Amino acid sequence: GEATAGAAFNDSYVRAYGLNLYVSSATLQDLTGTVSATASSSTAATADTRAYGVYLSDTTATVKDVNLTVAATAGKATTEAKTYAYGLYLTNGSKLQVTGDAIVKTALTMAESPGSLSWGHNGGNAFSLRNQSVLNLGTDGQNSLGKLVQLEGDVWSNSESKANITLDQSASYLQGN
């Protein structure tokens, strides 16, 4: 839909996907790009803005190099505001093996919201793992691959999932929680 600047409307939902896979398996070369989601400048009751660099559901994928920048710009809300930027988002038992370098950067831009919000949540996640998913960066799950891994943003995994991350190269780092 479209809203006139300054007009109020009930809800605003914005989603942007770089790669969205729901296949049993995939082998990819390089994933390089910028993904951004920007909410309307108008005020809504609920503003929910999400950007996904890679979204995998029930998928096993292998990729050589990853170089992603993912950004989300919040909308103005009077009741509920959510803003997320996910570099790598795996759910429903997905598995992702990065065999080369992995550079994932996330950024959030927050908007001022009039009134008091009943609920708000924000997250800039280099990766987010859910529902028995597995991610391998800089490792095959057992051994180092000797690859560059640079993560900017928080890292999140529920207790059913597993993140195998090796930061053993001099230029590798995690900047986040």
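A quick note: this is a predicted structure, and the numbers were derived from the prediction, not measured.

A. Broad picture of empty space enclosed by the protein. This structure, assessed with the given rule, holds 1 cavity of 30 Å³ or more. Each pocket or cavity is described by its volume, and for the largest cavity that value is around 30 Å³. Residue lining of the largest cavity: Leu-19, Leu-21, Leu-28, Leu-31, Val-54, Leu-56, Ala-61, Val-63 and Leu-96, and that is the complete set. Of all the secondary structure elements, the ones that give two or more residues to the lining of the largest cavity are β1 (9-21), β4 (43-57) and β5 (60-63).

B. Expanded view of the packing of aromatic side chains. With the rule as written, the count across this model stands at 9 aromatic pairs. Centroid distance Tyr-17 to Tyr-52: 4.8 Å. Interplanar angle 5 degrees. Geometry classified as stacked. Placement of Tyr-17 in strand β1 and of Tyr-52 in strand β4 is noted, with a sequence separation of 35 residues between them. For the ring pair Tyr-55 and Tyr-89, a centre distance of 5.0 Å and an interplane angle of 10 degrees mean the geometry is stacked. With Tyr-55 in strand β4 and Tyr-89 in strand β7 (residues 76-91), this residue pair connects regions lying 34 residues apart in the sequence. By relative accessible area, which is 13% here, Tyr-55 ends up buried. Here the aromatic residues Tyr-17, Tyr-22, Tyr-52, Tyr-55, Tyr-84, Tyr-86 and Tyr-89 are joined through ring pairs into a cluster of three or more.

C. Up close: the pattern of salt bridges. Per the counting criterion, the structure on display carries 4 salt bridges. Between Lys-82 and Asp-48 there is a salt bridge, with its nearest N and O atoms 3.7 Å apart. Linking Lys-82 in strand β7 with Asp-48 in strand β4, this pair joins segments that are 34 residues apart in sequence. Lys-82 gets classed as buried once you look at its relative accessible area, which sits at 17%. Between Lys-64 and Asp-65 there is a salt bridge, with the nearest N and O atoms lying 3.1 Å from each other. Each of the salt bridges in this network shares a partner with another, and the network as a whole consists of Arg-15, Asp-48, Arg-50 and Lys-82.

D. Spotlight on the sheet that holds strand β8 (residues 95-98). With parallel pairing, the 5 strands of this open sheet are ordered in space as β2-β5-β8-β11-β14. Looking along the sheet, the strands with just one partner apiece sit at the ends: β2 (25-28) and β14 (162-165). Averaged over all pairs of adjacent strands, the angle between strand axes in this sheet comes to 5 degrees, irrespective of strand direction. Where β2 lies against β5, 4 bridges are found, and the strand directions are parallel. In the sheet register, Leu-28 faces β5, and the bridge partner there is Val-63.

E. Structural detail: the nonpolar core. Within the largest apolar cluster, 31 residues are counted, with the highest numbers of intra-cluster contacts made by Leu-88, Leu-96, Leu-135 and Leu-137. In terms of residue count, the dominant contributor to this core is strand β6 (residues 66-73) (4 residues). Leu-88 has contacts with Val-54, Leu-68, Leu-96, Val-104, Ala-126, Phe-127, Ser-128, Leu-135 and Leu-137, leaving out every residue within four places of it along the chain. Of all hydrophobic cores here, the second largest spans 5 residues; its members include Tyr-55, Tyr-84, Tyr-86 and Tyr-89.

F. Unusual backbone geometry, seen in detail. With phi around 55 degrees, Asn-92 is a residue other than glycine that occupies positive phi space. Note that Asn-92 resides in the loop between β7 and β8. We note that Asn-131 has phi near 55 degrees; this positive angle belongs to a residue other than glycine. Here Asn-131 is to be found in the loop between β10 (119-129) and β11 (134-137). Note on Asn-131: relative accessible area 33%, which makes it partly exposed.

Definitions and limits used
Within each chain, residue numbers correspond to sequence positions counted from 1 in written order. Side-chain atom pairs in this predicted model are given and counted only at pLDDT of 80 or more, local residue features only at pLDDT of at least 70, and totals for whole chains, interfaces and linings cover all residues. Side-chain metrics rest on all non-hydrogen atoms present in the structure, leaving aside hydrogens and water. Each cavity reported here is a set of points on a 1 Å grid over the protein atoms alone in which a 1.4 Å probe fits but cannot get out, each pocket an open set with protein on both sides within 12 Å along at least five of seven lines, and each lining residue one with an atom within 4 Å of a point. Grid points are joined across faces, edges and corners, and a volume is the space filled by probe spheres set on the points. Going along the chain from the N terminus, every DSSP run of H or I of four or more residues is numbered as a helix, and every run of E of two or more is numbered as a strand. Here is the rule: rings of Phe, Tyr and Trp (six-membered ring for Trp) pair when centre to centre is within 6.5 Å. Planes less than 30 degrees apart are stacked, more than 60 are edge-to-face, and the remainder are tilted. In this scheme, a residue with accessible area under 20% of its type's maximum is buried, one over 50% is exposed, and one in between is partly exposed, where area comes from a 1.4 Å probe on protein chains only. Any carboxyl oxygen of Asp or Glu that lies within 4 Å of a side-chain nitrogen of Lys or Arg is treated as forming a salt bridge with it. Pairs of strands are assigned from DSSP output, requiring at least two bridges between the strands. To obtain an axis, a line is fitted to C-alpha atoms, over the contacting stretch when the element is a helix, and the angle between two such axes runs from 0 to 180 degrees between their N-to-C directions. Take the buried residues of types Ala, Val, Leu, Ile, Met, Phe, Trp, Tyr and Cys, join any two whose side-chain atoms come within 4.5 Å, and each joined set is a nonpolar core. We call two residues contacting when some pair of their heavy atoms lies within 4.5 Å.

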